[in-house]
Amino acid sequence: LARIVDVADNQQLIDGIAALGVDAALDKVFEGMMAAFLPESAAGQSAVVQWDLDTPAGLRSYHLTVGDGRATFSRGAAASPRVTLALGIPEFLRIITGRMSGTAAFFEGKLKVSGDVLFAQTQENWFKKPG
């Protein structure tokens, strides 16, 4: 995924997700995030992080639940997330692959954060970035 993100422009990323099927592609991306979870980085913490993603098929929400040294994801909005991150597919893919920082995306107006803004920066380090 990181290699694709490195060479694709925004429209190519959007078209690629659409061609794969938005829901199936996002499920695979979140499965990859679970595999990249670094439990030691989140030691002693628990939280629910919601991602609201603007996709070619409309808004898709996913939430990550982190606690007890593990992370899981589910489709749909969380009942009470600690933080909600709203952004487009290209920015989402760039952030999770380490090609763009969440902080940069926020200050460029590409990422909207609601809830615990300081925590949003912390949770970004809970996942190993490719390359």
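Given the structure is predicted, the values throughout are model-derived calculations rather than measurements.

## What to know about the overall build of the chain
Link 1 in the chain: Secondary structure summary: the chain contains six helices and five strands in total.
Link 2 in the chain: The linear arrangement of helices and strands in the chain, starting from the amino end, is α-α-α-β-β-β-β-α-α-β-α.
Link 3 in the chain: Across its three principal directions, the C-alpha atoms of the chain cover 40 × 30 × 30 Å.
Link 4 in the chain: Counting across all 131 residues of the chain, residues that qualify as buried make up 43%.
Link 5 in the chain: Pairs at least 24 residues apart make up 68% of the contacts formed inside the chain by residues separated by at least 6 positions.
Link 6 in the chain: Surface summary for the chain: the accessible area is close to 6800 Å², and the carbon and sulfur share equals 53%.
Link 7 in the chain: One finds the centroid of the 12 positive side-chain charges in the chain at a distance of 3 Å from the centroid of its 14 negative side-chain charges.

## Brief notes about the packing of helix H2 (residues 10–20) against helix H4 (residues 89–96)
Link 1 in the chain: At their nearest, the axes of H2 and H4 sit 8 Å apart, and the two run at 95° to each other. As far as their axial angle goes, H4 and H2 are roughly perpendicular. Residue-level inspection shows Asn10, Leu13, Ile14 and Ile17 of H2 in contact with H4, the latter providing Ile89, Pro90, Glu91, Leu93 and Arg94.
Link 2 in the chain: In terms of residue class, the contact of H2 with H4 is made up of six nonpolar, one polar and two charged.

## Thoughts on the pairing of strand S3 (residues 70–75)
Link 1 in the chain: Two strands pair when backbone bridges link them, and strand S2 (residues 58–67) and S3 are joined in this way by six bridges, in the antiparallel orientation. Residue pairing in the sheet places Val66 in a bridge with Ala71 of S3.
Link 2 in the chain: Between S2 and the antiparallel strand that follows it, S3, lie two residues; Asp68 among them carries a positive phi value of about 55°.

About the thresholds
Residues numbered from 1 in each chain as written. Predicted model: local features only at pLDDT ≥ 70, side-chain atom pairs only at ≥ 80, totals over all residues. Heavy atoms only, no water. Helix = DSSP H or I, 4+ residues; strand = E, 2+ residues; numbered from the N terminus. Buried < 20%, exposed > 50% of the residue type's maximum accessible area, 1.4 Å probe, protein only. Contact = heavy atoms within 4.5 Å. Areas by Shrake-Rupley, 256 points an atom, 1.4 Å probe, with all protein chains shown as cover. Lys, Arg positive; Asp, Glu negative; His and termini not counted. Charge placed at Lys NZ, Arg CZ, Asp CG, Glu CD. Axes fitted to C-alpha atoms, helices over the stretch in contact; angles between N-to-C directions. Parallel < 35°, antiparallel > 145°, perpendicular 65-115°, else oblique. Nonpolar A, V, L, I, M, F, W, Y, C, P; charged D, E, K, R; others polar. Pairing = 2+ DSSP bridges.

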